[in-house]
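# Report on the structure
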Amino acid sequence: MSGSITAGTAPRSSTVVTRLPIPSWGIPTAGFAWLILAGATLELPEAGDFPRTGFFAQGAGLVGLVLLPLGLAAGRLGTTGSRLRHWSPWLVALAVALLAWELVTAKFDLLPMPFFPPPQAILEVFLEDWPKLGGSTLNSLILLAGGYTFGAGLGFVLGVAIGTFRAVGYWAHPVLRFVGPLPATAWLPLAFFVFPSSWSASTFLVALATGFPVTVLTWSGVAGVNKAYFDVARTLGASRAFLILRVAIPAALPHVFVGLFMGLGGSFAVLVVAEMLGVKSGLGWYLQWAQGWAAYANMYAALIVMALMCSSLITLLFRLRDRLLAWQKGLVQW
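To keep things clear, this report deals only with the structure shown in the data block.

About the cut-offs
- Residues numbered from 1 in each chain as written.
- Predicted model: local features only at pLDDT ≥ 70, side-chain atom pairs only at ≥ 80, totals over all residues.
- Heavy atoms only, no water.
- Core = buried A, V, L, I, M, F, W, Y, C linked by side-chain atoms within 4.5 Å.
- Buried < 20%, exposed > 50% of the residue type's maximum accessible area, 1.4 Å probe, protein only.
- Helix = DSSP H or I, 4+ residues; strand = E, 2+ residues; numbered from the N terminus.
- Contact = heavy atoms within 4.5 Å.
- Arc of directions from axis to C-beta.
- Phe/Tyr/Trp six-rings, centres within 6.5 Å; stacked < 30°, edge-to-face > 60°.
- Lys NZ or Arg CZ within 6 Å of the ring centre and 35° of its normal.

With that out of the way, let us pick up the nonpolar core. Grouped together as the largest cluster of nonpolar side chains are 38 residues, with contacts concentrated most on Leu-133, Leu-260, Phe-268 and Leu-317. Examining the composition of this core, we find that twelve residues originate from one element, helix H12 (residues 296-324), more than from any other. If sequence neighbours within four positions are ignored, Leu-260 has contacts with Tyr-148, Ala-152, Val-214 and Leu-317. One finds Ala-30, Ala-33, Phe-56 and Leu-67 within the second-largest nonpolar core, a separate group that totals twelve residues.

Written out as structure tokens, the structure reads:
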């Protein structure tokens, strides 16, 4: 019978992804929006002196001139054209947001300077202060990499040990329940006193913020592995090391990556606070320096770099997860 399900056959579940219908004129509209932004930036009189206004307008105009022909040829560009069409509403929204920002700051002076600089002032920071901003970004990445790697590695080993050996869980579990919930920033005064340098203290704090969620989630993953897997492996003569390395850890990897994601967000927050209070380099230090000199354009530029850096690191971690857990690819989106 049509539409019936044969006995003993499980119905297949299908996931329907609904896409936003984007019209074909979305990309040209984005091009015109960027050209309007360029024209308004150049033609309207300014309420102050901003040296990079012309450069900002030229960049906006160049984006508009590139988008217009791409919109006409989007149907012949395959995947690239589909992606451009998908993101065209955001390109329009970004141009409108920049235009509104330009009007209320540089043109009509509705928001007070220096607290609300125009877009070209922030562009000037990227063009002229890039050595200091770039060096601060590099120092933050080095500090974050050291603390995060140490904390994630130690948390992974400790989580596997707690989930595997009862004696380790007996001694470690109370300590985790007592120390783990405390925010890592609460240890700032003690860390800067105990450790020989602010760099090592900040590395410890980043590792502490990373280690707790990785430990707990790894432990949960190992403890939640189906016992039948171990029984089958033991029946085939598997050793204790094989059970840990080839059964428990692979089955616990989805939980481990959740802990890694949580640890990355927490470690980044601790990193910024530690750099503000002790380390004489990094994006946190740059933010503190910009605020002290009332250089709010520099402060906003540092915030943009922070957002891009953190988002990029999470994206790389998701790529690694999709590669190692191919059977769960697309289950968690970013």
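What follows picks up the thread again.
Turning to helix H11 (residues 283-292), its buried residues are Leu-283, Gly-284, Tyr-286, Leu-287 and Ala-290. For H11, the arc enclosing every buried residue in end-on projection is 160 degrees, short of the 170-degree limit, so these residues lie on one face. Packing partners of the buried residues in H11 comprise helix H4 (119-128), helix H5 (130-164), helix H10 (240-277) and H12. Two residues or fewer after H11 comes Ala-294, characterised by a positive phi angle close to 55 degrees.

Bringing the packing of aromatic side chains into the picture now. Evaluation of the coordinates by the stated rule reveals seven aromatic pairs. An aromatic cluster is present here, built from Phe-257, Phe-261 and Phe-318 joined pairwise through their rings. For the cation-ring pair, Lys-132 lies above Trp-289, with the distance from its terminal atom to the ring centre recorded as 3.9 Å.

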